[in-house]
Amino acid sequence: MTPYLDDRHTAYQRLRETDPVHWEPTMRLWVVTRHADVVDLLRDQRYSVDHTNATDFVPAAQATTSMVNLDPPRHTRVRALVAAAFTRPLLDSLETVVDATVRGLLDRVALQGGLDVVSELASPLALTVLAELLGIAPEDRGRFRVWAEVLGADREDGTRAALEVHGAAVRSAFAGYIRTWAAVATGRPGEGLIGALAKPRTGDDRLDQSELVANCQLIVTAGHETAASLVASGLAALVGDSERLERLRRQPELLEAAVEELLRLEAPVQLTSRVAREDVELGGRHIQGGHEVVAVLAAANRDPEQFPEPDVCDLGRSPNPHLAFGRGPHFCLGAPLARLQARIAFRHVLERFPRLRLAREPAFRRSAVLRSPTRLEVLFE
Ligand code: HEM
């Protein structure tokens, strides 16, 4: 397994300082680590998110019609249709759900004197939010949890390899569920995103069935472990430093800025990638058309050109133009929901449990892409 994962910020720093647009000969791709270059890359339409454009494209990386894999004009159309379904009333109703879910989960552990933040708070919270968002019926939540777990399995992680075997079957079972639900939910109040997406929105336009399925599946994979990771690694950073924790307790008005700072430092999605469609200059290097280019968001988030004292956690940091949710046309559609979960979870944990401390060092998933705790045991009185 990749040794740099044990000390990834040292590796990022070395690249940022010595070779910010770096050609990696073994993997045959470019690695970009400075903030300004990552922003240029993510905004530049001469790069594609469709990896079938890559010279070294491996067909196993299946292309779908989910918006992360689409370029304009189709991306613009699909994203607008999905974004229109993320309405203000829907987001407001989710705020109530997040609040009630966090309270309920904390009630369950209140007498235990401790909890595993990942399995007892962050992950069930993210899943409940996604189920509510999509409009999954209460009786189907058990199945949904299993589907979401399997869809989120990552090839990089050997311990989850067994789940991969079931990947195709689960994908197709979930697709069937989405299609059926879309047919019955359309037009009903409280139908959630699946129902909302099944009906025409912009003029007569709407997602076709394969777009509907692919984008609902995308939301589940994009919104589960990422949001859970923000809650868990954010709490790890707070609980691991009593001064920081007390500052936030004394100044709850810092909560919003604190969430941004924890996103900057932890970056649940460490990197993303593009393919150059044509020859492009980036940071003084010549990138050949067809080559893959990796944007290391987590490295850009600690670029001293952009962030004074980049390795210091300053809960009141402002401005904070971090790239944890990406930049440009593919900027994370779920950012408001992820921020909401973190803000409410941090507030309740801090208000409820005065003497918080780590039971032992948290464990993280061995992944280059995701920075995600697998276990975070915390004690309180
Ligand atoms: C802290 C939690 C999260 C982080 C750090 C995160 C990060 C990201 C990043 C970096 C991208 C851009 C990828 C790229 O440009 O290649 C992205 C896109 C996306 N995210 Fe998130 N995400 C989070 C939570 C969520 C949630 C909760 C949802 C859904 C409810 C969601 C849905 C999406 C979707 C649909 C896209 C694709 C947008 C597009 O291609 O136009 N994300 N996310």
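Think of each chain on its own: its residues are numbered from 1, step by step along the sequence as written. In view of the model being predicted, local features appear only for residues whose pLDDT reaches at least 70, and side-chain atom pairs are presented and counted only at 80 or more, with totals across whole chains, interfaces and linings using the full set of residues. Side-chain numbers come from the whole structure's heavy atoms, not from hydrogens or water.

Any residue with at least one heavy atom within 4 Å of a molecule or strand is counted as near it. Near the ligand there are 29 residues, and of these His75, Arg79, Thr272, His330 and Cys332 occur at the shortest range. Here a polar contact is recorded for every N or O atom pair within 3.5 Å, except that within protein the pair must consist of a potential hydrogen donor and a potential acceptor, and residues adjacent in sequence are included only if both atoms are side-chain atoms. One of the side-chain N or O atoms of threonine 272 is found 2.6 Å from an oxygen atom in the ligand. Of all the secondary structure elements, the ones that give two or more residues to the shell around the ligand are helix 3 (74-85), helix 5 (117-134), helix 10 (209-223), helix 11 (225-239), strand 5 (271-276) and helix 15 (335-352). Top contributing element to the shell around the ligand by residue count: helix 10, with four residues. Classifying every residue of the shell around the ligand by side-chain character gives 20 nonpolar, seven polar and two charged. Only runs of H or I of at least four residues qualify as helices and only runs of E of at least two qualify as strands under DSSP, and these elements are numbered from the N terminus. Under the scheme applied, nonpolar residues are Ala, Val, Leu, Ile, Met, Phe, Trp, Tyr, Cys and Pro; charged residues are Asp, Glu, Lys and Arg; polar residues are all the others, including Gly.

Glancing now at the sheet that holds strand 1 (residues 21-24). Note on pairing: two strands pair once DSSP finds at least 2 bridges between them. Taken in spatial order, the five strands make up an open sheet running 1-2-8-5-3, and their pairing is mixed. Because the sheet does not close on itself, it has two edges, and the strands there are strand 1 and strand 3 (47-48). Contacting strand 1, strand 2 (29-32), strand 3, strand 5 and strand 8 (292-296), helix 2 (residues 35-43) runs over the sheet at an angle of about 130 degrees to strand 8. Two residues form a contact once any of their heavy atoms are found within 4.5 Å. Between N-to-C directions, angles cover 0 to 180 degrees, with each direction set by a line fitted to C-alpha atoms, over the stretch in contact for helices.

Moving on, we come to the coordination of the iron atom of the ligand. Here a donor is any nitrogen, oxygen or sulfur atom (N, O, S) within 2.8 Å of the metal, with 3.2 Å used for Na, K and Ca; water is not among the atoms considered, so some sites may look incomplete. Of the protein atoms, Cys332 (SG) alone serves as a donor to the iron atom of the ligand, at 2.3 Å. With respect to the secondary-structure elements, cysteine 332 resides in the loop between helix 14 (297-300) and helix 15.

This next bit is on empty space enclosed by the protein. The pocket and cavity definitions rest on a 1 Å grid over protein atoms only: a 1.4 Å probe that fits but cannot leave marks a cavity, an open set with protein on both sides within 12 Å along at least five of seven lines marks a pocket, and residues lining either have an atom within 4 Å of a point. Grid points are joined across faces, edges and corners, and a volume is the space filled by probe spheres set on the points. One pass over the full model with this rule turns up two cavities of 30 Å³ or more. Taken as a whole, the largest cavity spans an internal volume of roughly 100 Å³. Looking at the largest cavity, it is lined by 15 residues, and the ones nearest its centre are Asp44, Gln45, Tyr47, Pro329 and His330. Elements supplying a minimum of two residues to the lining of the largest cavity: helix 2 and strand 3. Element by element, the count of residues in the lining of the largest cavity is highest for helix 2, at three residues. Along the lines of polarity and charge, the residues of the lining of the largest cavity split into six nonpolar, four polar and five charged. The computed volume of the second largest cavity comes to approximately 30 Å³. Lining the second largest cavity are Leu115, Val117, Leu121, Leu235, Val239, Val349, Leu356 and Val378. Listed by contribution, the elements that provide at least two residues to the lining of the second largest cavity are helix 5 and helix 11.

A few words on the sheet that holds strand 12 (residues 377-379). Strand order in the open sheet formed by three strands is 4-12-9, with antiparallel pairing between adjacent strands. Strands at the two margins of the open sheet, each flanked by one partner only, are strand 4 (114-116) and strand 9 (357-358). Two strands pair when backbone bridges link them, and strand 4 and strand 12 are joined in this way by three bridges, in the antiparallel orientation. Looking across to strand 12, one finds that glycine 114 is bridged to leucine 379. Lying over the sheet, helix 5 contacts strand 4 and strand 12, oriented at roughly 65 degrees with respect to strand 4.

Looking now at helix 13 (residues 255-266). Take the number of residues in a helix, subtract one, and multiply by 1.5 Å to get its expected span. Over its 12 residues, helix 13 runs 16 Å from end to end, which matches the ideal 16 Å to within 8%, given 1.5 Å per residue. Summarising burial for helix 13: 10 of the 12 residues are buried, a large majority. Among all positions in helix 13, only Leu255, Ala258, Val259, Glu260, Glu261, Leu262, Leu263, Arg264, Leu265 and Glu266 are buried. Looking at the buried residues of helix 13, the elements they touch are helix 1 (8-18), helix 11, helix 12 (242-250) and helix 15. Once helix 13 finishes, alanine 267 follows within two positions and takes phi at roughly 40 degrees, a positive value. Think of it in three bands: with a 1.4 Å probe and only protein chains considered, a residue is buried below 20% of the maximum accessible area for its type, exposed above 50%, and partly exposed in between.

These figures capture arrangement, not role.
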